[in-house]
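Now for the letters of each chain:
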Amino acid sequence: MTVIKQLKKSNNKLALELTKELNFIKNVFSVLSIPLQKKGDMEDQMDFEMIGDKPEQNDKPQPARASNIIELQERLEKIKSQNNYNLKNKLAKKSLNSKLNKIKKRERVKINKHKVQAVLDSENPTETKKNIVKPNVNAAKPIFNNEGKLVFSKFDFAKLGDRDRGSKGNKDPKKLLDNLKQQEEKIKNIAEVDSEKAKELKEKIAWKNILQKAEGEKVKDDPTLLKKSIKKIEQTKKVSKKKWENRIQSVEKKKEDRQKKRKENISKKKKEKKAKVVKRAVKRGRVVI
């Protein structure tokens, strides 16, 4: 037992020492920058790249993009002529071929478009001229009305919804008739003093009425018509009053009828209830009729 205990202690000590050494080595490697081995194109050639905090810097300048088809073709031929035909060259060749095909396709499309346009122009030259839109030099300037609102056409529809709501006194025939009577009295009074002045006033009133009629206004200056309209209004008022009275009477009558019926029903139910009670009492022999 003692031997086993000693072995266990020695093992524990070894484990502690090993862990310490391992931690030390880890710390050392974390500080150091280890070179990474990189294979080149040739097997014998070896390049080394240091892994550190600084990013990689490629000293080789990148080739410029080809601007023409000729340049692309030259590059392709150059790649094909090379003896060491590796993966890098193969990929470059593939990309150049795809670029060449794209450029050729674009050129073909352009040529076809031009051909089609030329055919259309030859068939109907008038339509092509019509389709060309000339810039409108004499463009219409914005127009504003008196209120400063923008008008979108020759006609000003800004005041279309606004109604000329005159005073209610102008529509009331009684007031109009009173005004006419006052005018007549005024003219009579002036005629007693100066007949010419009265004539001028009459003419002035007549011209005013004519102008109002020409503008589209309704001029109510006929006393007979005004009297008729007053009578009509009074009659309508009387009729409506009668209707209202009849309505009130009918409503009250209906109300009374309902109340009467309700009372009758209640009294009937009470009587029936009493009769039932009496009937039961007679059956049981409590009441003798």
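Residues numbered from 1 in each chain as written. Predicted model: local features only at pLDDT ≥ 70, side-chain atom pairs only at ≥ 80, totals over all residues. Heavy atoms only, no water.

In the annotation of an unreviewed UniProt entry, the entry for the protein reads (African queen) hypothetical protein, and the organism field reads Danaus chrysippus. Looking at the Sequence similarities (unreviewed entry) heading of the UniProt record, one finds this comment for the protein: "Belongs to the SURF6 family." Quoted straight from UniProt, the Subcellular location (unreviewed entry) entry for the protein says "Nucleus". (UniProt positions renumbered as here; feature names shortened; annotations may be inferred.)

In this section: helix α7 (residues 223–284). For α7, built from 62 residues, the straight-helix expectation of 92 Å at 1.5 Å per residue is met to within 8% by its first-to-last C-alpha distance of 91 Å. Taken together, the buried positions of α7 are L226, I230 and A281. Those residues of α7 hidden inside the fold are in contact with α5 (173–193). Immediately downstream of α7, the backbone of G285 shows phi near 85 degrees, a positive value. (Helix = DSSP H or I, 4+ residues; strand = E, 2+ residues; numbered from the N terminus. Expected span 1.5 Å × (residues − 1). Buried < 20%, exposed > 50% of the residue type's maximum accessible area, 1.4 Å probe, protein only. Contact = heavy atoms within 4.5 Å.)

In this section: helix α6 (residues 195–215). What sets the pattern is the α-helix's 3.6 residues per turn: residues three or four places apart point alike. The terminal C-alpha atoms of α6 lie 31 Å apart, and with 21 residues this matches the ideal 30 Å at 1.5 Å per residue to within 8%. In terms of burial, α6 is largely open, as just two of its 21 residues are buried. One or two steps after α6, the chain reaches G216, where phi turns positive at roughly 105 degrees.

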